[in-house]
Amino acid sequence: MAPQDKNTPPPLPEPLRVAVADSHTHLDMQDGTVDEALAKAASVGVTTVVQVGCDLAGSRWAAETAAAHDSVHATVALHPNEAPRIVLGDPDGWSRQGAREPGGDSALDEALAEIDRLAALPHVRGVGETGLDHFRTGPDGMAAQEASFRAHIEIAKRHGKALVIHDREAHDDVLRILREEGAPDRVVFHCYSGDAEMAGVCAAAGYFMSFAGNVTFKNAQPLRDALAVAPPELVLVETDAPFLTPAPYRGRANAPYLIPVTLRAMGGVRGMTEDALATAVAANTARAFGY
């Protein structure tokens, strides 16, 4: 692929005949307006999106955007990598806020109180993405990350909202904390990254597994093995846009309109027709997020 192609948006896929939802997207990190993104998605049969918050500003934006658009539902949270930044500071300015001073546990408590307030809003359908990230957070940040995760579980349960999990290289600890705290009625493993064995554990617990564009990557056979055994009533599809663009467009910006590419690949893995999988995924997403 020529380097200039990286900046060219992938073409519109053939429209789905059965409308589906993108269960996890970040419209605030994508180019263009919300209206443009939603129209482009709807033109190929992606008629609903779940806009996911990762920090206070993003969670407020998600709630406001869902209030303004019928086809958008919001989730609100402090991302697992955000909690340690609030407590310990962020001298490198990795996050969107730039460099930050340490705020300590009291700053985390204040931020969680704001997430709690947002989670009560009717158009906020979930609490997430929360969870654990052992890839980006070092040992010094683990306590803040875990405290934040446990608090989000409590918030989700109290408001009766779905819990959206970010689990990066932390499968056992995420599952353990869900057991210890008692999981909410509806749990979604966003960008499911476990293997077939973990899919069995999630299925037994009734957790939804949302598959992203990385299920199409060459090296992702364990993900395809997991998808093959996941119960069809617990499978969702997502973009995590602008990240994780499905093959053959890997490396270019992802967007909700590319859901059909991933869904068709998933149908191939499962041996399900496109329409059957789309019908299941649409019903599952509505059930997971209570809309």
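Owing to the predicted nature of the structure, the values given are computational and were not obtained by experimental measurement.

## Some remarks on the packing of aromatic side chains
Using the criterion set out here, one finds two aromatic pairs in the structure. Ring centres of F189 and Y207 lie 5.8 Å apart, and the angle between their planes is 35 degrees; this geometry places the pair in the tilted category. Of this pair, F189 sits in strand 6 (residues 187-189) while Y207 sits in the loop between helix 7 (196-205) and strand 7 (208-211), placing them 18 residues apart in sequence. With respect to class, F189 is no different from Y207; both count as buried. Sitting above the plane of the F135 ring, R168 keeps its charged end 3.6 Å from the centroid. Directly above the ring of F217 sits R250, whose terminal nitrogen or CZ lies 3.7 Å from the centroid.

## A short note on the nonpolar core
Counting residues in each nonpolar core, the largest one holds 80 residues, and the members touching the most others are F149, L163, L178, F189 and Y192. For this core, the leading source of residues is helix 4 (residues 104-119), giving six residues. Aside from chain neighbours lying at most four places away, what touches L178 is F149, I153, L163, I165, A183, V187, F189 and Y207.

## A word on the pattern of salt bridges
Within the structure shown, the criterion is met by 14 salt bridges. A salt bridge links R158 to D116; its shortest N-O distance comes to 3.2 Å. Highlighted residues: R158 in helix 5 (residues 142-159) and D116 in helix 4, separated in sequence by 42 residues. Given a relative accessible area of 45%, R158 falls into the partly exposed group. Linking E180 and R176 is a salt bridge whose minimum nitrogen-to-oxygen distance equals 3.1 Å. Residue E180 and its partner R176 are both found in helix 6 (residues 171-181); the two are separated by four residues, about one turn of the helix. When salt bridges with common partners are traced through the structure, they connect E146, R150, D173, R176, E180 and E181 into a single cluster.

## Observations regarding the layout of surface pockets
Volume-wise, the largest pocket comes out at about 850 Å³. If you go around the largest pocket, you meet 27 residues; those closest to its centre are H79, H166, R168, D240 and F243. The element best represented in the lining of the largest pocket is strand 5 (residues 162-168), accounting for three residues. Partitioned by chemical class, the residues of the lining of the largest pocket number six nonpolar, 10 polar and 11 charged. Estimated volume of the second largest pocket: approximately 360 Å³. Taken together, 19 residues form the lining of the second largest pocket, with P9, D31, K40, A253 and A255 sitting closest to its centre. Split by residue class, the lining of the second largest pocket holds nine nonpolar, five polar and five charged.

The rules we used
- Residues numbered from 1 in each chain as written.
- Predicted model: local features only at pLDDT ≥ 70, side-chain atom pairs only at ≥ 80, totals over all residues.
- Heavy atoms only, no water.
- Phe/Tyr/Trp six-rings, centres within 6.5 Å; stacked < 30°, edge-to-face > 60°.
- Helix = DSSP H or I, 4+ residues; strand = E, 2+ residues; numbered from the N terminus.
- Buried < 20%, exposed > 50% of the residue type's maximum accessible area, 1.4 Å probe, protein only.
- Lys NZ or Arg CZ within 6 Å of the ring centre and 35° of its normal.
- Core = buried A, V, L, I, M, F, W, Y, C linked by side-chain atoms within 4.5 Å.
- Contact = heavy atoms within 4.5 Å.
- Salt bridge = Lys/Arg side-chain N within 4 Å of Asp/Glu carboxyl O.
- 1 Å grid on protein atoms, 1.4 Å probe; cavity = no way out; pocket = protein on both sides within 12 Å on 5 of 7 lines; lining within 4 Å.
- Points joined across faces, edges and corners; volume = space filled by probe spheres on them.
- Nonpolar A, V, L, I, M, F, W, Y, C, P; charged D, E, K, R; others polar.

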